[in-house]
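Take a look at the letters that make up each chain.
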Amino acid sequence: MASGDAICQTFVEKRELKNLDVNRMLKFGAVGVVYVGPMLKVWYGTLDKIVPKGAPPLKRALKKMALDQACFAPSFIASLIGIFGLINGES
């Protein structure tokens, strides 16, 4: 996540490398290591258990995607917004 933020700052926000917000990058990296990585590992492991392995690959992938987008993604995105708000001192 830290490298993704560095790419965003460089190419989207058009900052030079010497002007990158290192503190912001470290925050993204910490959230990635402490929260995002473990959560996604558990969620994708759960998806592998929920969706039968005997189904055709495309059907299995579509079921996983539907479950992910309907059940996990909304609450996960909301939690990330909350976490970054807390990290940045917002109420």
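Predicted model only: the values in this text are computed from it and were never measured.

Side note on the packing of helix H2 (residues 22–50) against helix H3 (residues 57–87)
So, step 1. In contact at an axis separation of 11 Å, H2 and H3 are set at 155 degrees when each is read in the N-to-C sense. Taken together, H2 and H3 sit at an angle that is classed as roughly antiparallel. In this structure, H2 meets H3 at a crossing whose hand is right-handed. Contacts between H2 and H3 involve Lys27, Phe28, Val31, Tyr35, Val36, Met39, Leu40, Trp43, Tyr44, Leu47, Asp48 and Ile50 on the former and, on the latter, Arg60, Lys64, Leu67, Asp68, Cys71, Phe72, Phe76, Ser79, Leu80, Ile83, Phe84 and Ile87.

Things to note about the packing of aromatic side chains
So, step 1. Taken as a whole and judged by the stated rule, the model has four aromatic pairs.
So, step 2. Ring plane angle 10 degrees and centroid distance 4.8 Å describe the contact between Trp43 and Phe72, whose orientation is recorded as stacked. Pair noted here: Trp43 is in helix H2 and Phe72 is in helix H3, with a separation of 29 residues, a long-range link.
So, step 3. When its relative accessible area of 13% is taken as the criterion, Trp43 is described as buried.
So, step 4. The class of Phe72 is buried, set by a relative accessible area of 10%.
So, step 5. A network of ring pairs unites the aromatic residues Tyr35, Trp43, Phe72 and Phe76 as a single cluster.

Here we look at a nonpolar patch on the surface
So, step 1. On the surface, Ile7, Phe11 and Val12 cluster together into a nonpolar patch covering about 340 Å² of accessible area.
So, step 2. Take Ile7: it is sitting in helix H1 (residues 2–12).

Quick notes on the environment of Arg15
So, step 1. Relative to the elements of secondary structure, Arg15 occurs in the loop between H1 and H2.
So, step 2. Along the primary structure Arg15 and Asp5 are separated by ten residues, whereas in three dimensions their C-alpha atoms are 12 Å apart.
So, step 3. For Arg15, the contacting residues outside a window of four places in its chain are Gln9, Thr10, Leu20, Asp21 and Arg24.

Looking at the pattern of salt bridges
So, step 1. Enumeration according to the criterion identifies six salt bridges in this entry.
So, step 2. Salt-bridge contacts for Arg24 lead to Asp5; the nearest nitrogen and oxygen are separated by 2.7 Å. Remark: Asp5 occurs in helix H1 and Arg24 occurs in helix H2; sequence separation between them is 19 residues.
So, step 3. A residue is classified by how much of its surface remains accessible, and Asp5, at 5% relative accessible area, is buried.
So, step 4. Residues Asp48 and Arg60 are paired through a salt bridge, measuring 3.6 Å at the closest nitrogen-oxygen approach. Placement of Asp48 in helix H2 and of Arg60 in helix H3 is noted, with a sequence separation of twelve residues between them.
So, step 5. Residues joined in a network through salt bridges with shared partners are Asp5, Glu13, Arg15 and Arg24.

What counts, and where the lines are drawn
Residues numbered from 1 in each chain as written. Predicted model: local features only at pLDDT ≥ 70, side-chain atom pairs only at ≥ 80, totals over all residues. Heavy atoms only, no water. Axes fitted to C-alpha atoms, helices over the stretch in contact; angles between N-to-C directions. Helix = DSSP H or I, 4+ residues; strand = E, 2+ residues; numbered from the N terminus. Parallel < 35°, antiparallel > 145°, perpendicular 65-115°, else oblique. Left-handed = near helix turned anticlockwise from the far one by under 90°. Contact = heavy atoms within 4.5 Å. Phe/Tyr/Trp six-rings, centres within 6.5 Å; stacked < 30°, edge-to-face > 60°. Buried < 20%, exposed > 50% of the residue type's maximum accessible area, 1.4 Å probe, protein only. Patch = residues over 30% accessible without salt bridge, like charges linked within 9 Å, V, L, I, M, F, W, Y side chains within 5 Å. Areas by Shrake-Rupley, 256 points an atom, 1.4 Å probe, with all protein chains shown as cover. Salt bridge = Lys/Arg side-chain N within 4 Å of Asp/Glu carboxyl O.

Functional significance is not addressed by these values, which are geometric in nature.
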